[in-house]
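A closer look at the structure
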Amino acid sequence: MNRVWTKASAILLVVVSLIFNGTYALAASATSTYIVTFQQATLVSNDHVGNEWAIAAQVADQSISEGNSVKVKVKSNGSIKLYAYAEEQDKIPDEGEATKNVKVSSVSAKGSTVKLRVTVTENRGRYSGHQAVWEFTYKIKKQ
């Protein structure tokens, strides 16, 4: 009987050890770092909305300017939040914005390009209802 308990205890010890080591290995690799670059914002079309613009972009709630990058740590099942904003500047500004959550599982090994389209609609005057469209381009790459 003692032998049976010794064998069972040894097996239990191995199983518990594997479970805890596996959990530790999973926890250690659960977070990865991604480099996100805001490549550019391009005015794709402008049907009489305006000529003076302000733009803004964010990655994971961090402001970023064109050509710059930020590092973001994300869990393997998480996502990276991208934000784009465009404003036609006059007495009564017209604005538009877009948000996208990119699942890191969808980012390819070579990196992925993500585009957000922001539509700004003229809200007053002779050209009321006309639109301008901006395209914001982000590059996401696992570090």
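Scope of this entry: the structure provided in the associated data block. Given the structure is predicted, the values throughout are model-derived calculations rather than measurements.

For the structure on display, the rule yields three aromatic pairs. Geometrically, the ring pair formed by Trp53 and Trp134 is edge-to-face, given 5.5 Å between the ring centres and 70° between the ring planes. Of this pair, Trp53 sits in strand β2 (residues 53-59) while Trp134 sits in strand β8 (residues 131-142); the two residues are 81 residues apart in sequence, bridging distant segments of the chain. Neither Trp53 nor Trp134 differs from the other in exposure class; each is buried.

Our next topic: the pairing of strand β5 (residues 79-88). The buried fraction of β5 is high, at eight of 10 residues. Taken together, the seven bridges between β2 and β5 define a ladder with antiparallel strand orientation. Bridging from a neighbouring strand, Val59 pairs with Leu82 of β5. Bridging between β5 and strand β6 (residues 94-103) involves 10 bridges; their strand directions are antiparallel. For Ala86, the partnering residue across the bridge sits in β6 and is Gly96. Between β5 and the antiparallel strand that follows it, β6, lie five residues.

Its identity is not glycine, yet His48 carries a phi of approximately 60°, on the positive side. Residue classification places His48 among the partly exposed positions, given a relative accessible area of 46%. One non-glycine residue with positive phi stands out, namely Ala60, at about 50°.

Ranked by size, the top nonpolar core spans 29 residues in total, and within it Val36, Val59, Ile80, Leu82, Phe136, Tyr138 and Ile140 carry the most contacts. Listed by contribution, the elements that provide at least two residues to this core are β1 (31-46), β2, β4 (69-75), β5, β6, β7 (112-121) and β8. Here the element with the most residues in this core is β8; it accounts for five residues. Residues in contact with Phe136, not counting those within four places in the same chain, are Phe38, Gln40, Ala41, Ile55, Ala56, Ala57, Ala84, Tyr85, Val114, Lys115, Leu116 and Val118.

What follows is about the pattern of salt bridges. Enumeration according to the criterion identifies three salt bridges in this entry. For Lys81, the salt bridge goes to Asp61, with nearest N and O atoms at 3.7 Å. Taken together, the residues span a long stretch of sequence, with Lys81 in strand β5 and Asp61 in the loop between β2 and β3 (62-64) at a distance of 20 residues. In this structure Lys81 comes out as partly exposed when scored by relative accessible area, which is 35%. Since its relative accessible area comes to 57%, Asp61 is described here as exposed. For Lys115, the salt bridge is made with Glu135, and the minimal N-O distance between the two is 3.6 Å. Of this pair, Lys115 sits in strand β7 while Glu135 sits in strand β8, placing them 20 residues apart in sequence.

Turning our attention to the sheet that holds β7. Strand order in this open sheet of four strands is β4-β1-β8-β7, and the pairing throughout is antiparallel. What marks the edges here is a single partner per strand, and that holds for β4 and β7. Going across the sheet, the axis of each strand differs from the next one's by a mean of 30°, ignoring polarity. Alignment of β1 against β4, held across seven bridges, turns out to be antiparallel. Note on β4: the bridge partner recorded for Thr31 is Lys75.

Rules of the game
Residues numbered from 1 in each chain as written. Predicted model: local features only at pLDDT ≥ 70, side-chain atom pairs only at ≥ 80, totals over all residues. Heavy atoms only, no water. Phe/Tyr/Trp six-rings, centres within 6.5 Å; stacked < 30°, edge-to-face > 60°. Helix = DSSP H or I, 4+ residues; strand = E, 2+ residues; numbered from the N terminus. Buried < 20%, exposed > 50% of the residue type's maximum accessible area, 1.4 Å probe, protein only. Pairing = 2+ DSSP bridges. Core = buried A, V, L, I, M, F, W, Y, C linked by side-chain atoms within 4.5 Å. Contact = heavy atoms within 4.5 Å. Salt bridge = Lys/Arg side-chain N within 4 Å of Asp/Glu carboxyl O. Axes fitted to C-alpha atoms, helices over the stretch in contact; angles between N-to-C directions.

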